[in-house]
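So you can see what is in the structure, the chains are spelled out below.
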Amino acid sequence: MIWLDTLIQGLMLGGLYALFAAGLSLVFGIMRLVNLAHGDLIVLGAYLILGIGTATGLNPFLAAALALPPMFALGWLLQTALLNRVLGEDILPPLLVTFGLSVVIQNALLMGSSADSRKLPVGPVEAQSLALGPVNLGVMPLITFASAVAVIFGLNQLFYRTALGRAFRATSDDPVTAQLMGIRPQRVFAVATGIALVVATIAALYLGARANFDPSAGPARLLYAFEAVIIGGLGSLWGTLAGGLVIGVAQTFGAALNPEWQILAGHLAFVAVLLVRPRGLFPRAND
Amino acid sequence: MRKMLLPVLLLLAVILLAALPVIGSRALVQDLFMVLCLLVLALNWNMLAGFAGLVSVGQQAFVGIGAYGMFACVILWGMDPLAGLLIGGLVAMALSVPVAFFTFRLNGAYFAIGTWAVADIARLGISQWKALGGGTGTALPKAAVQEMPGIEAIRALIGGSKAAAVDALTYWLALALVMAMLVASWAFLRSRMGLGLQAVRDNPVAARSVGVDPVRLKALVFLLTAFGTGICGGLLFIQIGRISPDAAFSLLDWTAFVIFIVVIGGIGTLPGPVVGVLVFYGLQRLLADYGTVYLIVLGLIGIAIMLFARRGLWGGFIERTGWDLLPLSHAAPRPITPTDP
């Protein structure tokens, strides 16, 4: 029975990783941009939620809702002012720009808020749990998992059911032809990055509610998120969810064997999947 | 005249650097040792990213493996640290084969993430090695380091303590490593294989059509740079004297700084890393008291370079003056039959 419990915990953790990864997957799928600053942007979002919560006394869930518009604006601005200028055939400039951005955000947060680790106070819901048959489930992990599925579902609806989603897919498949149809790739990219940061803010809420975070927490989260995206396959949002679940389950099983093996087990699962399927589980687009 | 002046100036600079432990202070020697080691790492990363198109974010894996290889040789098998250096480099090169096998399946940006994950696997794996201190690390026995060959001779030459002699020896080794890397890179890039590599970078399809095998060349560069990076890692930790997985596999120290050095100096140019490391050292001295501000400035400079001067300081200098210190291009072959009537 303990194995079933571990499996469920792993799936819940995987939901959190899928949330980290969803925004990354969207941006990666549409413009082939590897955003090395995504983890730090999530941590930035967590600090923003914390700041709004402290200033207004609101519950973190409401504070996160207030944080969504400024984070969307930040994403839009980042793409318009910076990332659009370096996107192109050469993959090096966007990689290095986002890498520089990651270092800048991390150290700016360190300067602004010290290296102390913080946590978002979500209140009594944190300690509550539900007894589902033989296993006990925390309410927060359950909400996290449900949010992950909802976010992926929402992004998929956006991607396949709306005019904006059509523009996303068209630009992803063939930017030149998309331009002939009156789409401006630069604008599409800006909106996509804005949406990615909205998702990052949702991820930040659950990151901060689940465990302590500090300014240097970004890169490790980014690595798990990327592993989820790559395992899932380029451009497939459900694949990203599956990738997150694989990493989460591998980590909890590793931790169950030996607490020191948690992260290692996640990485090894990543390597194992890619050795069998180099393009991930459910690749949608060719890259 | 200009042609003669430059080699003479370079030679003078090298002689001055070599004489530093005799004439300079110990603190300066330690500082410059770090600068030279970062330069070795930067030259290696530049070969990977600037010439072979392999943007690795995981070179700290080979720094750590080289360092731990050296530590294992000294602590577990009682070998000389200098022999340990070589073995550390060879182990790093040997491990780069399976790493290449895995990461080369991932193209472009995936490759960067793959190398990063591999470096984290190496860090976590080494943390399980209890004989070398596990996650907390261990120290290199002082006796082993101070009995390295040549230490007594160096003491006689520069005076001072055994520890100062160790600093001088590691400094000279780092200087030798820089010279070796520069000469080897230049010879490699001017060779047939280097020409092929640059052809692949400039136009992969055209390069393949004239018979260049990109994967073979890239794998070769990956292996050789793993060796250079591993040796440098061992050397760094002889001098530092204490190792832990977090220090040996530090993304910031052994990869992030190195990337900034190469980008600022000029990626894909041979003198670029040298210029970059000078700027880096200057900034470090200038902003040493401000801690995090220094990293922010570094990040902003990196971003600005990518936006406005993609080939870095040295690349921009070449573009403006048309004068290249270490030209890598070949003159076009002369026509076999004279075109003049």
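What counts, and at which threshold
- Residues numbered from 1 in each chain as written.
- Chains lettered and ligands numbered in written order.
- Predicted model: local features only at pLDDT ≥ 70, side-chain atom pairs only at ≥ 80, totals over all residues.
- Heavy atoms only, no water.
- Helix = DSSP H or I, 4+ residues; strand = E, 2+ residues; numbered from the N terminus.
- Rg over C-alpha atoms; globule rule 2.2 N^0.38 Å.
- Buried < 20%, exposed > 50% of the residue type's maximum accessible area, 1.4 Å probe, protein only.
- Contact = heavy atoms within 4.5 Å.
- Areas by Shrake-Rupley, 256 points an atom, 1.4 Å probe, with all protein chains shown as cover.
- Lys, Arg positive; Asp, Glu negative; His and termini not counted.
- Charge placed at Lys NZ, Arg CZ, Asp CG, Glu CD.
- Pairing = 2+ DSSP bridges.
- Core = buried A, V, L, I, M, F, W, Y, C linked by side-chain atoms within 4.5 Å.
- Buried area = accessible area lost by both parts, 1.4 Å probe.
- Salt bridge = Lys/Arg side-chain N within 4 Å of Asp/Glu carboxyl O.
- Polar contact = N/O pair within 3.5 Å; in protein donor to acceptor, adjacent residues only side chain to side chain.
- Nonpolar A, V, L, I, M, F, W, Y, C, P; charged D, E, K, R; others polar.
- Disulfide = S-S within 2.5 Å.
- Phe/Tyr/Trp six-rings, centres within 6.5 Å; stacked < 30°, edge-to-face > 60°.
- pLDDT = per-residue confidence, 0-100.
- Patch = residues over 30% accessible without salt bridge, like charges linked within 9 Å, V, L, I, M, F, W, Y side chains within 5 Å.
- UniProt positions renumbered as here; feature names shortened; annotations may be inferred.
- Domains from an automatic or database assignment.

Let us now look at the overall build of chain B. When helices and strands are tallied, chain B shows 16 helices and two strands. In terms of overall size, chain B behaves like a compact globule, its C-alpha atoms giving a radius of gyration of 21 Å where 341 residues would be expected to give roughly 20 Å. Projected onto its principal axes, the C-alpha positions of chain B cover 75 × 50 × 40 Å. Going through the 341 residues of chain B one by one, you find that 50% of them count as buried. Long-range pairs, those at least 24 residues apart, make up 76% of the contacts in chain B with a sequence separation of at least 6. When the accessible surface of chain B is totalled, it reaches about 15400 Å², and 69% of it is carbon and sulfur. Separation of charge centres in chain B, based on 21 positive and 14 negative side chains, amounts to 6 Å.

Turning our eyes to something else, we now look at the environment of L83 of chain A. Residue and element names in this part refer to chain A. Among the structural elements, L83 can be located in helix α3 (residues 60-86). Sequence separation between L83 and T193 is 110 residues; the distance between their C-alpha atoms is 9.7 Å. Residues in contact with L83, not counting those within four places in the same chain, are L33, L78, V97 and T98.

Take the pairing of strand β1 (residues 129-132) of chain A next. Residues and elements named next belong to chain A. Judged from the four bridges that link them, β1 and strand β2 (residues 135-138) form a sheet pairing that is antiparallel. Across the sheet, the residue bridging to L130 is L137, located in β2. The hairpin turn running from β1 into β2, its antiparallel successor, is two residues long, and G133 in that turn takes a positive phi close to 60°.

F270 of chain A together with W45 and F237 of chain B are the most contacted members of the largest nonpolar core, which has 200 residues in total. Per-element tally for this core: the top contributor is helix α2 (residues 26-51) of chain B, with 17 residues. Setting aside residues up to four positions removed in sequence, F237 of chain B forms contacts with V63, A67, M70, F71, L140, R242, I243, A247, A248 and W254 of chain B.

Another aspect to go through is the interface of chain A and chain B. Across the boundary between the two partners, chain A contributes 41 residues, which contact 37 residues of chain B. Of the roughly 3600 Å² buried between chain A and chain B on both sides combined, carbon and sulfur atoms contribute 81%. The largest per-residue losses of area from chain A upon contact with chain B belong to L96, F99 and L223 of chain A, which jointly make up 15% of the total buried on that side. Counting the contacts that link chain A with chain B gives one salt bridge. Note that K130 of chain B and E260 of chain A form a salt bridge whose closest N and O atoms lie 3.5 Å from each other. One can count four residue pairs in polar contact (both at pLDDT 80 or more) joining chain A with chain B. Among the elements that line the side of chain A that touches chain B, the one with the most residues is helix α4 (residues 92-113) of chain A, at 14 residues. Among the residues making up the side of chain A that touches chain B, the classes are represented as 33 nonpolar, four polar and four charged.

Before going further, it helps to examine the state of the cysteines. All names here are of chain B. In this structure the tally under the stated criterion is zero disulfides over all chains. Between C37, a cysteine without a disulfide, and C232, which holds the nearest cysteine sulfur, the sulfur-to-sulfur distance is 4.1 Å. The buried category is assigned to C37, whose relative accessible area is 1%. For C232, a relative accessible area of 0% corresponds to the buried category.

All right, on to the packing of aromatic side chains then. Think of a pair of aromatic rings as described by two things: how far the centres are apart, and how the planes are tilted against each other in angle. Residues and elements named next belong to chain B. For the coordinates displayed, the defined rule picks out 21 aromatic pairs over all chains. The interplanar angle of 80° and the centroid separation of 5.8 Å between the aromatic rings of F62 and F222 together place this pair among those described as edge-to-face. Taken as a pair, F62 in helix α3 (residues 60-75) and F222 in helix α11 (residues 214-240) lie far apart in primary sequence, 160 residues in all. Grouping residues by exposure puts F62 and F222 together as buried. Members of the aromatic cluster, connected to one another through ring pairs, are F62, F104, F111 and F222.

Time to look at the pattern of salt bridges. Note on pairing: side chains with opposite charge can pair once their charged atoms come close. Residues and elements named next belong to chain B. If you walk through the whole model with that rule in mind, you get six salt bridges over all chains. For R285, the salt bridge is made with D31, and the minimal N-O distance between the two is 3.3 Å. With R285 in helix α14 (residues 272-286) and D31 in helix α2, the pair connects residues that are 254 residues apart, well separated along the chain. Classification of R285 by relative accessible area gives exposed; the value is 53%. In this structure, the salt-bridge partner of R123 is D120, at a minimum N-O distance of 3.0 Å. Here R123 and its partner D120 are both found in helix α5 (residues 109-127), three residues apart, which amounts to about one turn of the helix. Look at the salt bridges and you will find they share partners, linking D120, R123 and D246 into a network.

As a further point, take the confidence of the model for chain B. Averaged over chain B, the pLDDT score is 87; the fraction of residues at 70 or greater is 94%. Across chain B, the secondary-structure element scoring lowest on mean pLDDT is helix α1 (residues 2-23) of chain B, at 80, and the one scoring highest is α3 of chain B, at 94.

This part is about a nonpolar patch on the surface. All names here are of chain B. A cluster of nonpolar side chains, namely M4, L5, V8, L9 and L12, defines an oily patch on the protein surface of about 490 Å² accessible area. In this fold, L12 is placed in helix α1. Note on L12: relative accessible area 51%, which makes it exposed.

Per the UniProt record, "transmembrane region" (unreviewed entry) is annotated on residues 6-29, 36-55, 61-83, 95-115, 135-159, 188-209, 229-249 and 261-278 of chain A. Taken end to end, residues 6-29 of chain A is 100% helix and 0% strand, and its first and last C-alpha atoms sit 32 Å apart.

Interfaces are often described in size by the accessible area the parts lose on coming together. Residue and element names in this part refer to chain B. What the domain assignment reports for chain B is domain 1 (7-249) and domain 2 (250-327). Taken together, the contacts link 34 residues of domain 1 with 21 residues of domain 2. Counting the surface lost from both domain 1 and domain 2, the interface buries some 2300 Å², and carbon and sulfur atoms represent 76% of this. Area buried by domain 1 at its contact with domain 2 is led by L38, W45 and N46, which between them contribute 24% of it. At the junction of domain 1 and domain 2, the tally comes to one salt bridge. On inspection of domain 1 and its partner domain 2, the count reaches nine residue pairs in polar contact (both at pLDDT 80 or more). When contributions to the side of domain 1 that touches domain 2 are tallied by element, the ones reaching two or more residues are α2, α3, α8 (162-190), α11 and α12 (245-248). Residue contributions to the side of domain 1 that touches domain 2 peak at 15 residues, all from α2. Split by residue class, the side of domain 1 that touches domain 2 holds 23 nonpolar, seven polar and four charged.

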